Amino acid sequence: MTLALVLTDDGSAGLADRLAGQCRHAGIDEVRLVGDLATLADLAESATGPVLVTGADLVAHTAVLRHLATSPAEPTVALVLADSPMPGRTVVREDRGQVVAAGSPAALDGEATGVFGGALRVDPANLPILVAAARATAAEVVPVGAATAHGLVDDEPAVDRLFANLVARDAVTFAHRVRLLVAHRVTAADDRAAAEAAVSAVDPDRAELRLAVKERDDFFTTFFVSTWSPYVTKAAARLRLSPTTVTMFSVAFAVAAALLFGAGGRPALVAGAVLLYLGFVLDCVDGQLARYTRNFSAWGGWLDTMADRAKEFIVYAGLGYGATQAGFRYGWALAIAAMAVQTVRHMSDTWYGAMHDEAARRPRATSSGGFGARLSAASNRVQADVGSVTYWLKRTVVFPIGERWALIALAAALFDQRVALLAVLTGMVLALGYTAALRLLRARSMQVGVLNLVDTSLHRDDGPLARALPTLRWPGPLGLAVSAVLVAAVLLGLALFGADPLPRWTALVGLGGLLLAAAGARAAHGGALDWLVPAALRAAEYLFAVAVGVLGGVPAWLIFGYIFVLTLHHYDLTARLEKRKLAPPLHDAMLGWEGRSTVLALSAISGIVEIGVAILAAYFWLVLAGSVTLAWVIKPARAKRAAGSTGGSGCSPG
């Protein structure tokens, strides 16, 4: 249940009542008018759900309040306006969508990027910080450290002083920018009249439909999907379809495209290309529908992430099968390579983003300068030059999903499955090389460790064996992980291209190299480049699995299926990181990357690799299905029943 608290003063009764009515119309469960921060702190302390706090000087569309209250950003999100700073009002500095500083314009010394809009939403995780900030602000206690650096101004409205105090306490806060709709803070009757006229001049429903499209998307999506997908979004909303339903339609289109690619023949390839494009349109529509209807959920976000990768890899399977049936010997090998490279890319993307976000929250730790810092500044300038040639080149060169699917569709329709796989794999490798080189330089300039701020063992995907091994601290966790990649790559190269078949015991030699990396599990992961460790471990495990499969003569399609389930397991971990959810319920049953590799090596020594891979793949599929069922069905149902029996409210899954 969301609680809205409207801070009032002696001259704001009319606006406060209007805002309270708008909050109720926006779907907020309970609305209270409060006259001071001490009362606000008491009410927030007893709240069990999110709390929306707003000053009484805000004139805005009701949709602005609804968007703020339902924003999927967690744990705190603040309204940020592009208005000119007003005396006594708080300004903010943003980095990567986060508010990293808040205070007076003079305190931010010209670095302000926006003006605080007088409203914020705080989720339960940050309510204790909100309560502490409200009480300290009411008592005029200025927090030490970051707060004093950004200046708390005594004559600011109470909501401004509260927000600056909250940011000073390192509460992770995201900026909610107003686009197309109207929101202004007013100080006089003339200001109010002008703001209300501006609100009346904008059709909120039409604006919300346009807002459903991402403000900044990739080239193909922007010009070949988003130009017409809002009409599909509007139709889906009228049909009362949920975003999850649209996601399932998108999966069905992708599966149908994969089947057609597998069947082969020009008509099937062209039809598959069309279905793949339409499936991608629906993949965009599910997010647009969620934003348009404000229908967000942790389950929906997790499902969207998992479905995107599953259907992409199913398409690779269809292309690999079709290429093999057409007489190309390495069709499945290309499909495996594309799936593995894309997963490793995404693992590095996830952790680079996490590192960059941490650097934004800790700007004082990123002052090493040098070429990397200049590179970051240049990148930021390009990103700010929206619509320029360099802007679109930068967004395209990283080979995002829209460009990947467009290339697959065109190559399959015009040529064949082999060309489609070769084209997409080449694009991935080039994008990986480009992003890796630039990110290594930028990361070294930031000097921010991030992997040690989370459950390191979980996101390394370590199992019991890694946790039991003695700790190796040299050459560090990244050095050990990279050495495991090299060992697995050499083993695979010898298995594929060696003059003579390798003996079975060579699998144990490769396993030894991997277990050295496992011995780094309990070492500190605070290095500037240690965010690469999860991606390196994924690469090592996948390479080793393929090498063992080649040694044992395992069919390529079975190797694909085995690695497919591993990639979904690893995407489950990253999706939970992004959604701030706990570990999968059956995570230990997945054995850890080193445990799975050990079982594979033992099956190679025993001469039963094919049986071992088949059994492990089936087992991991069952564990993954059971973990998903527990996390998203059984546990939420139990929590709901427990809440009902105590008269409380349910909690979110995960």
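Here, every reference points to the structure presented above.
Calculation notes
- Residues numbered from 1 in each chain as written.
- Predicted model: local features only at pLDDT ≥ 70, side-chain atom pairs only at ≥ 80, totals over all residues.
- Heavy atoms only, no water.
- Helix = DSSP H or I, 4+ residues; strand = E, 2+ residues; numbered from the N terminus.
- Rg over C-alpha atoms; globule rule 2.2 N^0.38 Å.
- Buried < 20%, exposed > 50% of the residue type's maximum accessible area, 1.4 Å probe, protein only.
- Contact = heavy atoms within 4.5 Å.
- Lys, Arg positive; Asp, Glu negative; His and termini not counted.
- Charge placed at Lys NZ, Arg CZ, Asp CG, Glu CD.
- Patch = residues over 30% accessible without salt bridge, like charges linked within 9 Å, V, L, I, M, F, W, Y side chains within 5 Å.
- Areas by Shrake-Rupley, 256 points an atom, 1.4 Å probe, with all protein chains shown as cover.
- Salt bridge = Lys/Arg side-chain N within 4 Å of Asp/Glu carboxyl O.
- Pairing = 2+ DSSP bridges.
- Core = buried A, V, L, I, M, F, W, Y, C linked by side-chain atoms within 4.5 Å.
- Expected span 1.5 Å × (residues − 1).
- Axes fitted to C-alpha atoms, helices over the stretch in contact; angles between N-to-C directions.
- Parallel < 35°, antiparallel > 145°, perpendicular 65-115°, else oblique.
- Nonpolar A, V, L, I, M, F, W, Y, C, P; charged D, E, K, R; others polar.
- Phe/Tyr/Trp six-rings, centres within 6.5 Å; stacked < 30°, edge-to-face > 60°.

Participant: Mind laying out the overall build of the protein chain, listing which residues take part and the relevant values?
Facilitator: Scanning the protein chain from N- to C-terminus turns up 27 helices and 10 strands. Taking 2.2 N^0.38 as the reference for a compact globule, 654 residues should give roughly 26 Å; the C-alpha atoms of the protein chain span a radius of gyration of 27 Å, in line with that estimate. On the principal axes, the C-alpha backbone points of the protein chain span a range of 90 × 60 × 60 Å. Counting the 654 residues in the protein chain, one finds 52% classified as buried. In the protein chain, 83% of the contacts between residues at least 6 apart in sequence involve partners at least 24 apart. Charge-centre separation for the protein chain: the mean point of 56 positive side chains lies 6 Å from the mean point of 53 negative side chains.

Participant: I'd like to hear about a nonpolar patch on the surface, residue by residue, with values.
Facilitator: A cluster of nonpolar side chains, Trp-505, Leu-508, Val-509, Leu-602 and Ile-605, forms an exposed patch at the surface whose accessible area comes to about 480 Å². Mapped by element, the contributors of at least two residues to the nonpolar patch are α23 (506-518) and α26 (592-606). Considering the arrangement of structural elements, one finds Leu-602 in helix α26. Given the relative accessible area of 47%, Leu-602 is considered partly exposed.

Participant: Provide a residue-level description of the pairing of strand β5 (residues 76-81), including the pertinent values.
Facilitator: Where burial is concerned, most of β5 is hidden: six out of the six residues are buried. Of the two faces of β5, the one carrying Thr-76, Ala-78 and Val-80 and the one carrying Val-77, Leu-79 and Leu-81 are both buried. Where β5 meets strand β9 (residues 173-177), five bridges bridge the pair, whose relative direction is parallel. Within β9, the residue paired with Thr-76 across the bridge is Thr-173.

Participant: Which residues make up the nonpolar core, and what are the values?
Facilitator: By size, the foremost hydrophobic cluster in this structure holds 116 residues, and its most contacted members are Phe-261, Tyr-316, Phe-560 and Tyr-562. Per element, the largest residue contribution to this core is 15 residues, and it comes from helix α15 (residues 331-361). Residues within four places of Tyr-562 in sequence aside, it is in contact with Ala-545, Arg-596, Leu-600, Val-613, Leu-616, Ala-617 and Phe-620. Membership of the second largest hydrophobic core comes to 32 residues, among which are Ala-44, Val-99, Val-131 and Ala-133.

Participant: Can you explain helix α18 (residues 401-414)? Please cite residues and give values.
Facilitator: The first and last C-alpha atoms of α18 sit 20 Å apart over 14 residues, in line with the 20 Å expected at 1.5 Å per residue. Residues of α18 that are buried include every one of Ile-401, Gly-402, Glu-403, Arg-404, Trp-405, Ala-406, Ile-408, Ala-409, Ala-411, Ala-412 and Ala-413, and no others.

Participant: Tell me about the pattern of salt bridges, residues and numbers included.
Facilitator: Counted according to the given criterion, the structure contains 24 salt bridges. A salt bridge links Lys-311 to Asp-308, with the shortest nitrogen-to-oxygen separation between them at 3.5 Å. One end of the pair is Lys-311 and the other is Asp-308, both in helix α14 (residues 298-325) and three residues apart, which spans about a single turn. In this structure, Lys-311 and Asp-308 share a single accessibility class: buried.

Participant: Break down the packing of helix α12 (residues 243-263) against α14 for me, citing the residues and quoting the values.
Facilitator: Contact pair α12 / α14: the axes reach a minimum separation of 7 Å and the direction vectors enclose 10 degrees. The angle between the axes of α12 and α14 places the two elements in the roughly parallel class. In this structure, α12 contributes Thr-244, Thr-247, Met-248, Ser-250, Val-251, Ala-254, Val-255, Ala-258, Phe-261 and Gly-262 to the contact, and α14 contributes Trp-299, Leu-303, Asp-304, Ala-307, Lys-311, Ile-314, Val-315, Gly-318, Leu-319, Tyr-321 and Gly-322. Looking at the contact of α12 with α14, its residues break down into 13 nonpolar, six polar and two charged.

Participant: Could you give an account of the packing of aromatic side chains, naming the residues involved and the relevant values?
Facilitator: Summed over all chains, the structure comprises 23 aromatic pairs. Here Phe-328 and Tyr-330 contribute two aromatic rings whose centre-to-centre distance is 6.1 Å and whose plane-to-plane angle is 75 degrees, an arrangement assigned as edge-to-face. With relative accessibility at 21%, the residue Phe-328 sits in the partly exposed group. Accessibility expressed as a relative area gives 45% for Tyr-330, which makes it partly exposed. Their ring planes at 80 degrees and their centres at 5.6 Å tell us that Phe-564 and Trp-621 sit as a pair that is edge-to-face. Here the residue Phe-564 occupies a position in helix α25 (residues 556-578), and Trp-621 occupies one in helix α27 (residues 609-646), the gap between them amounting to 57 residues. Residue class for Trp-621 comes out partly exposed when judged on its relative accessible area of 34%. Every member of this aromatic cluster is reached through a ring pair, and the members are Phe-219, Phe-220, Phe-223, Phe-224, Tyr-277, Phe-280, Tyr-391, Trp-392 and Trp-405.

Participant: Break down unusual backbone geometry for me, with residues and values.
Facilitator: Note on backbone geometry: most residues besides glycine have negative phi, and most peptide bonds are trans. Residue Pro-75 follows Glu-74 across a cis peptide bond; omega there is 0 degrees. Its place among the elements puts Pro-75 in the loop between α3 (62-70) and β5.

Participant: Can you lay out the pairing of strand β7 (residues 98-103) for me, pointing to particular residues and giving the numbers?
Facilitator: Most of β7 is tucked away: six of the six residues are buried. As paired elements, strand β6 (residues 91-95) and β7 share five bridges and run antiparallel to each other. From the neighbouring strand, Val-92 faces β7, where its bridge partner is Ala-102. Here β6 folds back onto β7 in antiparallel fashion, the turn holding two residues, of which Arg-96 has a positive phi close to 55 degrees.

Participant: Lay out the side chain of Thr-598 in plain terms, naming residues and giving numbers.
Facilitator: On the secondary structure map, Thr-598 appears in helix α26. Not counting chain neighbours up to four residues away, the residues in contact with Thr-598 comprise Leu-465, Leu-511 and Leu-515.

Don't take any of this as a statement about function, it's just geometry.
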